[in-house]
Amino acid sequence: MEELKQVQPDEETTRKMLDILKRFHSKEEMSSDDEEESMLSEEIIQKVLSGQEVKLEDLSPKELKQFRRVIASGELIKLIEPWTPWWRQPSAKSIILSPEGCQLVRPVELASGPEDNITEIPVGPESPLPPLRQLICGEPSPFLTVHVVDVLYSYCFTLRLYNGDWHSDPLGAATVALGMSKVMGDLGQPETVAEALAACLEETCSPVYRHIGGFSFGIGLVDDVVCLLSLGTNALVCLLCDLQRLIRAGARILKSEKIGKTERRDTIRKLKSADRKVYFLMCWVHEQPAEVWSTVANFVEMEKTSLAQLGHGSKNFKDERKGKQQSKVLIQEV
């Protein structure tokens, strides 16, 4: 329904929509001669075609039933154009930022909605990134490269889940991102690439997200992570900047939500914590030499091969992973 809001009512879209409604109406008439004629009202059709928002409450019981049947038939999916991730576009290989890690030229804000920009490369930070020594006193964690892999997977998962348009539901997207990432969600601190990827794949194959594509979808996301790492520092900085914008947009939406004070306070605390972590990673990533990311990409590629063998033909990736871990423990003990 959120995707349909973004469909521009041009002549081709109008024709396709009317064809779908007419075709489905013909099926309704053939399936039951006794049933009264059931068609979406002219008012609802005009709202859809003109791009106005139509809520479920606007539909009559018969219209709601028919709408659900059309969704189940798969007809409406033809109106949604699959999203091509920005990191898969040729222009992603030539991202340029200033030596301080910020935009060279600040883009002019045009009067266009977020949906018009979901295929473009996300812009980098507006202000120069501070040196890491200004953020911490000691040495950074040696596991930060692993944490970057965890965050990249979470970002790719979230954007693919929302077909590239997290602006349609910033709070929901932020919740998904934090739930997928052990690092941002304060659910753990993975110390190896294998541990980070396995945890992400386990969550992807969980009952909550299994319907999206399960293990094969997760392996595709690992390919996305490899692709992003191969693009280098500037692409990663832009990604983390976009993730920070997503989290902050979710926090703004949360402040207007009608929920309990305790729940709101706890969620805002988690979002602010994730915001700080993403910004810290952004500053750390900016200072790393280019060869770091090609090395990490190779590690991820090798782990993908191992995980693909583990999960191939398995209905329960979590059980397979536990079995492999127990085998490793037994070998170490011996």
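Residue indices begin from 1 for each chain and proceed along its sequence in written order. This being a predicted model, a pLDDT of at least 70 is required before a residue's local features are given, and a value of 80 or more before pairs of side-chain atoms are given or counted; all residues contribute to the totals for chains, interfaces and linings. Side-chain measures here rest on the full set of heavy atoms in the structure, leaving out hydrogens and waters.

Per an unreviewed UniProt entry, the protein goes by Shq1 C-terminal domain-containing protein and derives from Musa troglodytarum.

### Considering the overall build of the protein
By definition, any uninterrupted DSSP run of H or I lasting at least four residues is a helix, any uninterrupted run of E lasting at least two residues is a strand, and each is numbered from the N terminus. Secondary structure summary: the protein contains twelve helices and zero strands in total. Taken across its 334 residues, the protein has 43% of its residues classed as buried. Taking the intrachain contacts of the protein between residues at least 6 apart in sequence as the baseline, contacts between residues at least 24 apart amount to 75%. When the accessible area of the protein is evaluated, it comes to approximately 19000 Å², of which 53% is carbon and sulfur surface. Each residue is placed in one exposure class: buried if its accessible area under a 1.4 Å probe, protein chains only, is under 20% of its type's maximum, exposed if it is over 50%, and partly exposed if it falls in between. The criterion used for residue contact is that any of the two residues' heavy atoms lie within 4.5 Å. Method for areas: the Shrake-Rupley scheme with a 1.4 Å probe, in which residue coverage is limited to the protein chains shown.

### Observations concerning a positive patch on the surface
A cluster of like positive charges, contributed by Arg252, Lys255, Lys272 and Arg276, occupies part of the molecular surface. Contributions of two or more residues to the positive patch are made by α9 (233–255) and α10 (261–286). Inspection of the secondary structure assignment puts arginine 252 in helix α9. Residues enter patches when they are more than 30% accessible in relative terms and free of salt bridges; like-charged ones are connected within 9 Å and nonpolar ones (Val, Leu, Ile, Met, Phe, Trp, Tyr) within 5 Å. Each reported salt bridge corresponds to a side-chain nitrogen of Lys or Arg within 4 Å of a carboxyl oxygen of Asp or Glu. Here the positive residues are Lys and Arg and the negative ones are Asp and Glu; neither His nor the chain ends is included. Note on charges: their place is set at NZ of Lys, CZ of Arg, CG of Asp or CD of Glu.

### Some remarks on the nonpolar core
Counting 76 residues, the largest nonpolar core has Trp86, Trp87, Tyr153, Met184, Leu229 and Val300 as its most contacted members. Looking at this core, the elements with two or more residues in it are α5 (144–161), α6 (170–180), α7 (193–204), α8 (214–231), α9, α10 and α11 (290–311). At 13 residues, α9 tops the list of elements feeding residues into this core. To define a nonpolar core, start from buried Ala, Val, Leu, Ile, Met, Phe, Trp, Tyr and Cys residues and group those joined through side-chain atoms within 4.5 Å. Within the second largest apolar cluster, 13 residues are counted, among which are Met17, Ile20, Ile45 and Leu64.

### Concerning the packing of aromatic side chains
Any Phe, Tyr or Trp ring, taking Trp's six-membered ring, that has another such ring centre within 6.5 Å forms a pair; planes under 30 degrees apart are called stacked, those over 60 apart edge-to-face, and the others tilted. Using the criterion set out here, one finds six aromatic pairs in the structure. When the ring of tryptophan 87 is compared with that of tyrosine 155, the centres are 6.0 Å apart and the planes differ by 55 degrees; the resulting orientation is tilted. Here tryptophan 87, found in the loop between α4 (61–73) and α5, pairs with tyrosine 155, found in helix α5; they are 68 residues apart in sequence, far enough to count as distant. Each ring, one from phenylalanine 157 and one from tyrosine 209, has its centre 4.9 Å from the other, and the planes form 75 degrees; the classification is edge-to-face. With a gap of 52 residues between them, phenylalanine 157 in helix α5 and tyrosine 209 in the loop between α7 and α8 connect regions that are remote in the sequence. Side by side, phenylalanine 157 and tyrosine 209 carry an identical accessibility label, which is buried.

### Some words on the environment of serine 154
Tracing the backbone through its elements, the reader meets serine 154 in helix α5. With a relative accessible area of 0%, serine 154 lands in the buried category. Sequence separation of serine 154 and leucine 178 is 24 residues, and the distance between their C-alpha atoms is 7.6 Å. If we skip the residues at most four places from it in the chain, serine 154 touches Ala177, Met180, Ser181 and Met184.

### A few points about the packing of α6 against α9
Where α6 meets α9, the axes come as close as 7 Å, and the angle between the chain directions of the two elements is 120 degrees. In terms of orientation, α6 and α9 fall into the oblique class. The two elements α6 and α9 cross, and the hand of that crossing is left-handed. In this structure, α6 uses Pro170, Leu171, Ala173, Ala174, Ala177 and Leu178 to contact α9, whose residues at the interface are Leu243, Leu246, Ile247, Ala249, Gly250, Ile253 and Leu254. Axis definition: a line fitted to C-alpha atoms, over the contacting stretch in the case of helices. Angles run 0 to 180 degrees between N-to-C directions. Oblique is the label for every angle not falling under 35 degrees (roughly parallel), over 145 degrees (roughly antiparallel), or within 65 to 115 degrees (roughly perpendicular). By definition, any crossing whose near helix is turned counterclockwise from its far helix by less than a right angle is left-handed, and any crossing with a clockwise turn is right-handed.

### With respect to the packing of α5 against α10
The N-to-C vectors of α5 and α10 enclose an angle of 120 degrees; their axes lie 11 Å apart at closest approach. Judged by the inter-axis angle, α5 sits oblique to α10. Crossing geometry of α5 relative to α10 is assigned as left-handed. The residues of α10 that touch α5, namely those facing Leu144, Thr145, Val148 and Val151, are Phe280, Leu281, Trp284 and Val285. Note that Gly is not counted as nonpolar here; it falls among the polar residues with everything else outside the nonpolar set of Ala, Val, Leu, Ile, Met, Phe, Trp, Tyr, Cys and Pro and the charged set of Asp, Glu, Lys and Arg. Split into classes, the residues belonging to the contact of α5 with α10 amount to seven nonpolar, one polar and no charged.

### Observations regarding the side chain of arginine 264
Within the secondary structure layout, arginine 264 lies in helix α10. Residue arginine 264 is classed as buried on the basis of its relative accessible area, which comes to 19%. The term polar contact refers here to a pair of N or O atoms within 3.5 Å; inside protein, the definition further demands a hydrogen-donor-capable atom paired with an acceptor-capable atom, and it admits residues adjacent in sequence only when both atoms are side-chain atoms. For arginine 264, the side chain forms a polar contact with the main-chain oxygen of leucine 254, separated by 3.4 Å. If sequence neighbours within four positions are ignored, arginine 264 has contacts with Leu254, Lys255, Glu257, Lys258 and Ile259.

### Some points on the environment of alanine 198
Note that alanine 198 resides in helix α7. Residues alanine 198 and lysine 304, spaced 106 residues apart in sequence, show a C-alpha to C-alpha distance of 9.4 Å.

### Thoughts on unusual backbone geometry
Unlike most non-glycine residues, asparagine 163 shows phi in positive territory, near 55 degrees. Along the chain, the position of asparagine 163 falls in the loop between α5 and α6. Its relative accessible area of 18% is what places asparagine 163 among the buried residues.

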